[in-house]
Structures are given as structure tokens and as C-alpha cells.
Amino acid sequence: MNVKRFFSSPIHPVQMTLFILIELLLIFDRDFAKFHLFSFFHLYDFLLLLTGVTAFIILLVKRRFSFHWPILALLGISVAYLAYSVIFNIGPLNYIVRHYALFMYLALFYVIYQSYIDKTAHQFNIRFMLLIAAMALLFQLGYFAYKAFFTNNFSLLGEFNYYSPMAVVGLIMCSSYTLSFPAGWKKKILLYALSLLLLIPLGHASAFLAGFVMFFVYLGLQFKPAFKLQVLISFVLLLVAFRVFVPAFSDTNSSWRIKYWAFILDKHFTEQYGLLGSGFGVPYANDELTQLMIDDLKQTTFDYQPEERYLSPPHNSFLTILFHIGFLPMLLLFLPLKKPLAYLVARHDADRPPVKDFLLLAFVGLTAWASFNVVLELPHNSAFYWLVFFSLIYEFDRKEKAVSV
């Protein structure tokens, strides 16, 4: 990346504002995201809303808008469920607002993105992702050094050691970079192995998994479609082995997630037929799930802290979407990804555009991260996830050759 060109080239004010907000999340984390201003608003949410309103005015004035009907349909369905939840008062208003934040973050980002995106802005987006990866690497290494020198009984394993949630995301982006841009197999493997080593001591097994799954996707890109299935089977078998033999993948936290997911999926498909959602403001966990957690895991949080039934979603952002608006409507989110999916399945030569690989692997890694954590529901990572999501779509919809960075 040409750093001098990055800072000397003109950049859209809305795009720069978005970048600054994400950088502040990386640097200051919850001190910035959760700084309370008034009513339902925290500092980050208020600034994002203000940026979104500005972006919407720009769209109206310039009359520029790329129509992604699946995303608009998804947001339209969410608004219908929001109206239903408020009109029929199915839950406390504060929880309705909190639950709908998942879709509000998507809507605001979509408006912001549409207000500035073009070929040049797309290049800035990708360079910014690389910048976040570099910044996260520096901050995380500094955090390790600080804990090693200034805290007692510091251990790289068995505890949370990440600087901020955005730092975790940045390190996942580092793994994507190592498999995409460096030339030569030896250099790729060495840098990728180092990136995985940095993910292990963060304390989140899902962060390691997010980096690990990229390697199998990258392997799949090298082979004919018939061999891709073997790569997929190998990955699934390794996941089973992790679950059986690796404590971090079989501890109480992991078991809690699996039982939570199984309960929600079973209830959704047997009682709501995969179509209907539960709306907003209703508890994620009912009495039946609470008792199941007590009986099977001796987990009593939902029992002695009833508010956690509203505040603790299933730690899988896509299951949270399913819970609120239904499985079939949730699939609308993935319809714009037809071209990246076709790219993943098709056969490729060795000389592939590194930017396409970078965005695809980054999206896979961040999706794995969001599949095991509360990501899209909160401010800490959601904007960056949507930045990668829409940049991936834009890159594969481009008729020109891939951008250079």
C-alpha cells in the first residue's frame, strides 16, 4: 500500500468520518462506544446516526443509489416487525430499541456506503482495511508487552488477552492479508502461521477458528470443484476433532452456545416453520431454555438474572437475525453474494486477483467470528463487518479488472 498516496489523495468526507469512527473503536473500545450521551444514545451511535443523516441528504441531492433489492427487502421486513413489536407492545420499549440496533446499524451503514462509493472510494476502503490490520497488529503486540511487564501472573493462554474487539477483527484481517498478497508459498505459509499464532492467546477460540477456516477456503480456491468437496470434508472432520480433543472448543462456553443454538433452531423450525420471526423486545431465552441450561450445564444466569434473557442473544449474529425476522427472510442477506460464491466454487488458475482473494477470505473469517459472537448486534465490530461485506459485493460486481492497492 502506498501510504503517501493514501493520505494525499482526496477522500470523501463521509467516508473519512466512517474511517475515523472505526479507528476510534479500535483505539478506545467501550470507552468510546458506550459513552452515554442521553436517552438511548451513546456517543458512537449518535455520531453514526449523524453521519447517516448527512449521507441520506447527499443521496437525495445527488440522486445516486445502487439498488440492492435483497438488502432493502430485508430492512423492509425488519421495519414491519419493528412496527408490530411497538404497536402490539410485545416487550419493553428499551429492549425493542436495543434489539433493533442490529438492523439499524446495517441500515445506517448502507446509506453511508451508498453516499460515497465509487471506484476511487472502493480503493480507499481496501487500503483502510489493510491499515486497520496493521494498526491492530501494533496495538495488540503493545498490549501483550504491557501485560507481560506490568501485570502479575500474566499468561498467554487460558485468559482474555485482546486489546479491543476491533483489534481481534484487525488480526483476522491480517490472516486474510497473508494468504492473499505475499508472493511465494513459503512466504505465505510463514506469515500465515505467525498470524494464527497471534490469534491463539487472545482467549477466543472463535478468533483462531476465523483465521483457521481461511486456509481451507484458500486451499479450495486452488483446486478443481471435485477436490473442493474433499477440502470441505477435511475441514469438517478437523472441526469435530477440535470439539472432541481441544478444551477451548469443548468447555462450558462452547457447550452453552451449542445448546442455545439447538434450542432456538428447533423452536424456530418446528413452531415458526422457518418463516416467522419473534419480533423485537421479547426474551431470547424462555423458561424452558433456562431450565435446560440449569439441568445440563448448571448455568443459572438466566434464572437469577432474568434481564439476561433479553440482553444475551445466542452469540451467533445470524441466529439473532433468524430469531427476530425468520430464517427465510434472513437468507435475503446472502443473495447479493452469488458472484463471490460462484468464484469460490469455480476453478481458478494461480494468477488470481489478490484483492478478490483478500476480500473473500476476510468475509469468510469475519463471518465465522460473527457466527460465534455478538458482533452485528453491537457497535464494536458491526460497521467494519458491513464494510467488508459491501466491498466484497462491489469488487465482484465491477466490470473493470480488480483494483490495485
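Scroll up to find the structure.
Figured I'd write up the structure that's included with this text. (Residues numbered from 1 in each chain as written. Predicted model: local features only at pLDDT ≥ 70, side-chain atom pairs only at ≥ 80, totals over all residues. Heavy atoms only, no water.)

**Side note on the overall build of the chain**
Then comes step 1: Each helix and strand in the chain was counted, giving 20 helices and two strands.
Then comes step 2: Taken against the 2.2 N^0.38 rule, which gives 22 Å for 405 residues, the C-alpha radius of gyration of the chain at 21 Å falls within 12% of a compact globule.
Then comes step 3: Once the C-alpha set of the chain is aligned to its principal axes, its extents read approximately 55 × 55 × 50 Å.
Then comes step 4: Counting the 405 residues in the chain, one finds 51% classified as buried. (Helix = DSSP H or I, 4+ residues; strand = E, 2+ residues; numbered from the N terminus. Rg over C-alpha atoms; globule rule 2.2 N^0.38 Å. Buried < 20%, exposed > 50% of the residue type's maximum accessible area, 1.4 Å probe, protein only.)

**A look at the packing of aromatic side chains**
Then comes step 1: All chains considered together, the criterion is met by 45 aromatic pairs.
Then comes step 2: A ring pair is formed by Phe-109 and Tyr-113, whose centres lie 5.9 Å apart and whose planes are at 25°; its orientation type is stacked. Of the two residues, Phe-109 and Tyr-113 both sit in helix 6 (residues 93–116), four residues apart, roughly one turn of that helix.
Then comes step 3: A relative accessible area of 2% means that Phe-109 is categorised as buried.
Then comes step 4: Exposure remark for Tyr-113: the relative accessible area of 2% places this residue in the buried category.
Then comes step 5: For the pair Phe-242 and Phe-249, a centre-to-centre distance of 5.1 Å together with 20° between the ring planes defines the contact as stacked.
Then comes step 6: Relative accessible area serves as the criterion here: at 15%, Phe-249 is assigned to the buried category.
Then comes step 7: Its end group placed over the ring of Phe-124, Arg-127 keeps NZ or CZ at 5.5 Å from the ring centre.
Then comes step 8: The ring of Phe-396 is capped by Lys-356, whose NZ or CZ atom sits 4.2 Å from the centre of that ring. (Phe/Tyr/Trp six-rings, centres within 6.5 Å; stacked < 30°, edge-to-face > 60°. Lys NZ or Arg CZ within 6 Å of the ring centre and 35° of its normal.)

**Comments concerning the side chain of Thr-51**
Then comes step 1: For Thr-51, the location among the structural elements is in helix 4 (residues 43–62).
Then comes step 2: Overall, Thr-51 belongs to the buried group, its relative accessible area being 7%.
Then comes step 3: A polar side-chain atom of Thr-51 sits 2.7 Å from the main-chain carbonyl oxygen of Leu-47.
Then comes step 4: In this view, Thr-51 contacts Val-14, Thr-17, Leu-21 and Ile-112; residues no more than four positions away in its chain are not counted. (Polar contact = N/O pair within 3.5 Å; in protein donor to acceptor, adjacent residues only side chain to side chain. Contact = heavy atoms within 4.5 Å.)

**Concerning the environment of Arg-98**
Then comes step 1: In this structure, Arg-98 sits in helix 6.
Then comes step 2: On the basis of relative accessible area, Arg-98 is assigned to the partly exposed category, the value being 43%.
Then comes step 3: Taking the C-alpha atoms as reference, Arg-98 lies 23 Å from Leu-331; in sequence the two are 233 residues apart.

**Observations regarding the pattern of salt bridges**
Then comes step 1: Tallied over the full model, the rule gives seven salt bridges.
Then comes step 2: For Arg-30, the salt bridge goes to Asp-29, with nearest N and O atoms at 3.1 Å.
Then comes step 3: Overall, Asp-29 belongs to the buried group, its relative accessible area being 13%.
Then comes step 4: A salt bridge links Lys-259 to Asp-296; its shortest N-O distance comes to 3.3 Å. Separated by 37 residues along the polypeptide, Lys-259 in helix 12 (residues 252–271) and Asp-296 in helix 13 (residues 287–297) bring together distant segments of the chain. (Salt bridge = Lys/Arg side-chain N within 4 Å of Asp/Glu carboxyl O.)

**Regarding a nonpolar patch on the surface**
Then comes step 1: Where nonpolar side chains cluster on the molecular surface, the patch consists of Leu-229, Leu-232, Ile-233, Val-236, Leu-237, Val-240, Val-244 and Phe-245 and spans about 810 Å² of accessible area.
Then comes step 2: Classification of Val-244 by relative accessible area gives exposed; the value is 53%. (Patch = residues over 30% accessible without salt bridge, like charges linked within 9 Å, V, L, I, M, F, W, Y side chains within 5 Å. Areas by Shrake-Rupley, 256 points an atom, 1.4 Å probe, with all protein chains shown as cover.)

**Here's the deal with helix 12**
Then comes step 1: Taking 1.5 Å as the rise per residue, helix 12 with 20 residues should run 28 Å; its terminal C-alpha atoms sit 28 Å apart, in good agreement.
Then comes step 2: The complete set of buried residues in helix 12 reads Ser-254, Ser-255, Trp-256, Arg-257, Tyr-260, Trp-261, Phe-263, Ile-264 and His-268.
Then comes step 3: Next to the buried residues of helix 12 lie helix 11 (225–245), helix 13, helix 14 (301–304), helix 16 (317–325) and helix 17 (327–330). (Expected span 1.5 Å × (residues − 1).)

**A word on the environment of Lys-119**
Then comes step 1: Considering the arrangement of structural elements, one finds Lys-119 in helix 7 (residues 119–150).
Then comes step 2: Each C-alpha atom, one on Lys-119 and one on Arg-398, is 8.7 Å from the other, the two residues being 279 residues apart in sequence.

**Some points on the packing of helix 18 (residues 338–345) against helix 20 (residues 379–397)**
Then comes step 1: One can describe the packing of helix 18 onto helix 20 by two numbers: an axis separation of 8 Å at closest approach and a directional angle of 75°. Put simply, helix 18 runs roughly perpendicular to helix 20. Between helix 18, through Lys-339, Pro-340 and Tyr-343, and helix 20, the contact on the second element is made entirely by Leu-392, Phe-396 and Asp-397.
Then comes step 2: When its residues are assigned to classes, the contact of helix 18 with helix 20 shows four nonpolar, no polar and two charged. (Axes fitted to C-alpha atoms, helices over the stretch in contact; angles between N-to-C directions. Parallel < 35°, antiparallel > 145°, perpendicular 65-115°, else oblique. Nonpolar A, V, L, I, M, F, W, Y, C, P; charged D, E, K, R; others polar.)

**Considerations on the nonpolar core**
Then comes step 1: Residues Met-173, Tyr-260, Phe-384, Phe-389 and Phe-390 are the most contacted members of the largest nonpolar core, which totals 125 residues.
Then comes step 2: Looking at which element gives the most residues to this core, the answer is helix 6, with 14 residues.
Then comes step 3: In this structure Phe-389 touches Ile-71, Leu-333, Leu-337 and Phe-363, once residues within four positions along its chain are discounted. (Core = buried A, V, L, I, M, F, W, Y, C linked by side-chain atoms within 4.5 Å.)

**Considering the packing of helix 7 against helix 20**
Then comes step 1: The geometry of helix 7 relative to helix 20 is characterised by a closest axis approach of 11 Å and an angle of 135° between their N-to-C directions. In this view, helix 7 runs oblique relative to helix 20, as classed from their interaxial angle. For the pair helix 7 and helix 20, the sense of crossing is left-handed. Here helix 7 contributes Lys-119, His-122, Asn-125, Ile-126, Phe-128, Met-129 and Ile-132 to the contact with helix 20, which in turn contributes Phe-384, Leu-387, Val-388, Ser-391, Tyr-394 and Glu-395.
Then comes step 2: Residue composition of the contact of helix 7 with helix 20, grouped by class: eight nonpolar, three polar and two charged. (Left-handed = near helix turned anticlockwise from the far one by under 90°.)

These figures come from the coordinates and say nothing about function on their own.
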